[in-house]
Structure formats: C-alpha cells, structure tokens
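# Notes for the structure review
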Amino acid sequence: MKTCTCYHSTGCQPIRPWREQISAEQMERIRKAFPSVKPTNEEALATRADAVEQTPAKPKHAVISRGPVTPFHTGYARIDNAITDALRGKSQELKDGVYDIIRNDLLPHNVHGLEEEDRLALIGLGVEKAEYLADQYMDGAAKSSFMEAIRSIARIGTQGTRVGSCEMEYNVKHSMAIDGNGYIHEDISGEVLYSMQREDPKAYETYQALEKSSGNGKHDAAIFSMKWFLANISALVRNRPGYEKQQDEKYKKLQTVKLDQTFAGADTSGKEQFLASLTEKLLANKNLQVSFFLDRIAKMSNVSGSYLLARQMVLCAKA
C-alpha cells in the first residue's frame with residue numbers, strides 16, 4: 001500500500017513552549033507583577049487532626065445519546081427511493097442502522113489502513129448486515145427491492161477508486177433534489193448532455209472545454225448547458241427514449257459487478273447466530289486484517305436488542 005497521507009497518520013503538530021509565545025515586554029510585566037499576587041490559599045496544606053477518612057465516590061457513567069444518522073443518497077432514484085420506501089414507517093433505530101451501513105461499510109470515504117482486499121470484504125460485510133436487518137424487520141416485496149438497492153450500492157462501492165492512499169471516490173451524485181417525502185428526483189443534466197452530444201456536437205465540445213477550464217469552469221459549463229436546453233427542449237423529447245434505454249443498460253451493467261463473498265451466506269435467523277456466523281467466516285479467512293473486523297463485530301454485539309447500531313453510548317472513566 002502507498003504511504004498514508006491522510007489526517008490519521010499526520011500526528012499532532014509540535015507544541016510551542018509558552019515562553020516562545022509571549023513577547024519580552026509581556027514577560028517583564030509578569031515578573032514585576034508577580035510579587036504582588038497573593039496566593040489563592042494562604043493556609044498550609046496539611047491534613048486536619050479531626051478529619052474523617054471518606055470512601056471515594058464511585059465514578060458515574062456518562063450516557064451520550066446519538067442523534068439520528070443522516071440519510072445517505074447516491075442520487076439515483078431507482079436505488080435511493082427503494083430504500084426510502086422500505087424504511088417508511090419503520091423505527092428510527094432501523095433507519096439509523098441502514099444509513100450507517102451505507103455510509104461506513106458500502107461507501108466509506110476514508111479507508112485508512114485497509115488493503116483493497118479488506119475494503120472489498122467490508123462492503124461484503126455491509127451487505128450481510130443489511131440482509132440481517134431485512135430478515136428481522138422487513139418482508140415481501142419491500143424486502144426484495146431493499147436488498148436489490150443495497151447490492152446496487154455495494155457494487156458502486158466495489159467500483160470506487162482511491163484518491164491518494166486512504167480516500168475513496170464513487171460514482172454517486174453530490175447534488176440532488178429531495179422532495180418532502182424523502183424521494184430523490186434526478187435532474188435533467190444527464191439527459192441534456194445526451195441530447196446535446198447527438199444533436200449539436202459542436203456545442204457539446206464547447207461544454208466539455210468549459211468544464212475542463214480552470215476558475216469557474218464547471219459553473220460556466222452548467223450555465224451553457226442550461227441555455228442550450230432552453231433553446232432545444234424539443235431535442236430532449238426526441239432523444240428521451242434513447243436516453244432511458246442507455247440508463248437501463250448502465251443499470252444492468254452495474255448488476256454484473258461481482259461482490260466480495262467473504263461473509264456471504266451468514267446466518268441471519270437471530271442476532272447471536274448472525275454474529276457467531278460472521279466470526280466463523282472471518283477466522284476462516286487468513287488474508288484479512290482480522291483485528292479490524294473483530295472490532296466491527298464486537299461493536300454490534302455490544303448493542304442491546306436486535307439492532308446493530310446503538311442509539312446511546314455509555315462512558316465511564318477511572319481516576
């Protein structure tokens with residue numbers, strides 16, 4: 001693996017001594033004022049003769065409640081809306097668990113310390129976690145469409161590319177329209193470019209040149225495409241069947257991407273059986289970073305009930 005350059009490995013910045021952070025004039029004022037400063041406690045530090053020895057109080061547990069996990073969307077309506085439908089009316093704990101899986105297992109931004117084999121196995125683990133939740137809390141068509149969407153996201157994650165040594169880029173949309181019911185509405189930018197490329201190749205070349213230019217290139221390219229769209233609305237109508245066919249073909253191609261099988265077929269009949277099954281499959285694979293995955297499994301085992309993500313964290317410090 002390439003040398004890590006992300007924030008996990010940069011360490012702390014050197015600490016500048018206090019004496020170097022103040023000027024000579026400030027130091028001189030401190031020295032002159034020091035004799036006139038009275039001590040905060042003028043009594044000698046001594047134990048009273050009549051003092052009673054007390055048993056130190058036990059430390060109290062600090063309970064931290066997590067807020068709802070922010071929904072994670074890919075920007076593709078047929079994927080995101082299937083998950084939205086499957087989670088409608090379900091508990092917040094289930095929603096938190098699903099979106100945590102998508103964000104941290106299927107499409108993690110930072111993969112610090114993970115070889116590619118580990119990263120792909122993590123995606124496979126996320127699919128099995130989603131399968132477990134689906135078996136416990138969903139049924140029928142909702143469960144089927146939910147798992148199809150989860151596997152589609154996993155395939156997008158599998159095709160992700162590394163930036164540097166630790167960060168990932170995925171073929172997802174970072175700007176999207178979401179209505180009041182949580183549904184994704186794909187914008188027409190893809191359809192506009194599809195029509196522009198076929199109806200007006202010169203305009204498409206201009207668009208590409210603008211997008212690649214420095215400064216406000218992407219903004220200028222977006223304005224250019226919108227102006228072209230307003231002047232050529234009929235072109236979109238003519239090319240819509242072809243565009244929809246192209247999108248269907250892209251989705252079908254996505255479904256052919258192979259997923260990691262390290263954790264495939266885990267026992268999802270109950271939480272105890274599920275975690276034991278994951279551990280067994282992990283220990284049978286000698287090529288992965290076992291400690292990393294055991295830690296993931298341990299975090300799920302510490303969650304009460306049938307969920308895999310805790311809404312609360314209990315912290316206790318020792319003196």
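This one's a predicted model, so the numbers in the text were calculated from it and none came from an experiment.

In a packed pair of helices, the relevant descriptors are the angle between the two axes and the axis-to-axis distance. At a minimum axis separation of 10 Å, helix α2 (residues 77-87) and helix α3 (residues 92-106) run at an interaxial angle of 155 degrees. The angle between the axes of α2 and α3 places the two elements in the roughly antiparallel class. Helix-helix and strand crossings are classified by hand; for α2 and α3 the assignment is right-handed. Side by side, α2 and α3 meet where Ile-83, Thr-84 and Leu-87 of the first sit next to Leu-94, Lys-95, Val-98, Tyr-99 and Ile-102 of the second. Here the residues of the contact of α2 with α3 are counted per class, giving 6 nonpolar, 1 polar and 1 charged.

For Gly-113, the location among the structural elements is in the loop between α3 and α4 (116-137). For Gly-113, a relative accessible area of 33% gives the class partly exposed. C-alpha separation for the pair Gly-113 and Phe-292, spaced 179 residues apart in sequence, amounts to 9.6 Å.

Below, the discussion takes up the layout of surface pockets. Approximately 1600 Å³ is the volume attributed to the largest pocket. Taken together, 44 residues line the largest pocket, and the ones lying closest to its centre are Tyr-76, Lys-173, Ser-189, Gly-190 and Tyr-243. Listing elements by their share of the lining of the largest pocket, those giving two or more residues are α2, α6 (189-199), α7 (201-212), α8 (217-231) and α9 (233-254). Examining the composition of the lining of the largest pocket, we find that 10 residues originate from one element, α9, more than from any other. In terms of residue class, the lining of the largest pocket is made up of 19 nonpolar, 11 polar and 14 charged. Broken down by secondary-structure element, the contributors of at least two residues to the lining of the second largest pocket are α3, α4, β3 (167-169), α11 (290-301) and β6 (312-315).

The next point concerns the packing of aromatic side chains. If you walk through the whole model with that rule in mind, you get 6 aromatic pairs. Among the aromatic side chains, those forming a connected cluster through ring pairs are Phe-263, Phe-292 and Phe-293. A cation over an aromatic ring shows up here: Arg-78 above the ring of Tyr-251, its NZ or CZ 4.7 Å from the ring centre. Here the guanidinium or amino end of Arg-198 rests over the ring plane of Tyr-194, the centre of that ring lying 3.6 Å away.

The buried fraction of α2 amounts to 9 of the 11 residues, a majority that puts the element mostly inside the structure. Residues of α2 that are buried: Ala-77, Ile-79, Asp-80, Asn-81, Ala-82, Ile-83, Thr-84, Ala-86 and Leu-87. Of the residues trailing α2, Gly-89 is marked for its positive phi of about 85 degrees.

Turning our eyes to something else, we now look at the environment of Ser-65. Tracing the backbone through its elements, the reader meets Ser-65 in strand β1 (residues 62-65). Residue Ser-65 is classed as exposed on the basis of its relative accessible area of 52%. For the pair Ser-65 and Arg-311, spaced 246 residues apart in sequence, the C-alpha to C-alpha distance is 5.9 Å.

Counting 51 residues, the largest nonpolar core has Ile-83, Ile-102, Leu-106, Leu-107, Phe-146 and Leu-278 as its most contacted members. Going through the elements one at a time, α2, α3, α4, α5 (140-158), α9, α10 (271-283) and α11 are the ones with two or more residues in this core. For this core, the leading source of residues is α4, giving 9 residues. Beyond its immediate stretch of four places on either side in the chain, Phe-146 contacts Ile-83, Ala-86, Val-98, Ala-130, Ala-134 and Met-138. Residues Ala-203, Tyr-207, Phe-229 and Ala-235 belong to the second largest nonpolar core, which totals 10 residues.

So, how was this worked out
Residues numbered from 1 in each chain as written. Predicted model: local features only at pLDDT ≥ 70, side-chain atom pairs only at ≥ 80, totals over all residues. Heavy atoms only, no water. Axes fitted to C-alpha atoms, helices over the stretch in contact; angles between N-to-C directions. Helix = DSSP H or I, 4+ residues; strand = E, 2+ residues; numbered from the N terminus. Parallel < 35°, antiparallel > 145°, perpendicular 65-115°, else oblique. Left-handed = near helix turned anticlockwise from the far one by under 90°. Contact = heavy atoms within 4.5 Å. Nonpolar A, V, L, I, M, F, W, Y, C, P; charged D, E, K, R; others polar. Buried < 20%, exposed > 50% of the residue type's maximum accessible area, 1.4 Å probe, protein only. 1 Å grid on protein atoms, 1.4 Å probe; cavity = no way out; pocket = protein on both sides within 12 Å on 5 of 7 lines; lining within 4 Å. Points joined across faces, edges and corners; volume = space filled by probe spheres on them. Phe/Tyr/Trp six-rings, centres within 6.5 Å; stacked < 30°, edge-to-face > 60°. Lys NZ or Arg CZ within 6 Å of the ring centre and 35° of its normal. Core = buried A, V, L, I, M, F, W, Y, C linked by side-chain atoms within 4.5 Å.

Purely spatial values, then, with no claim about function.
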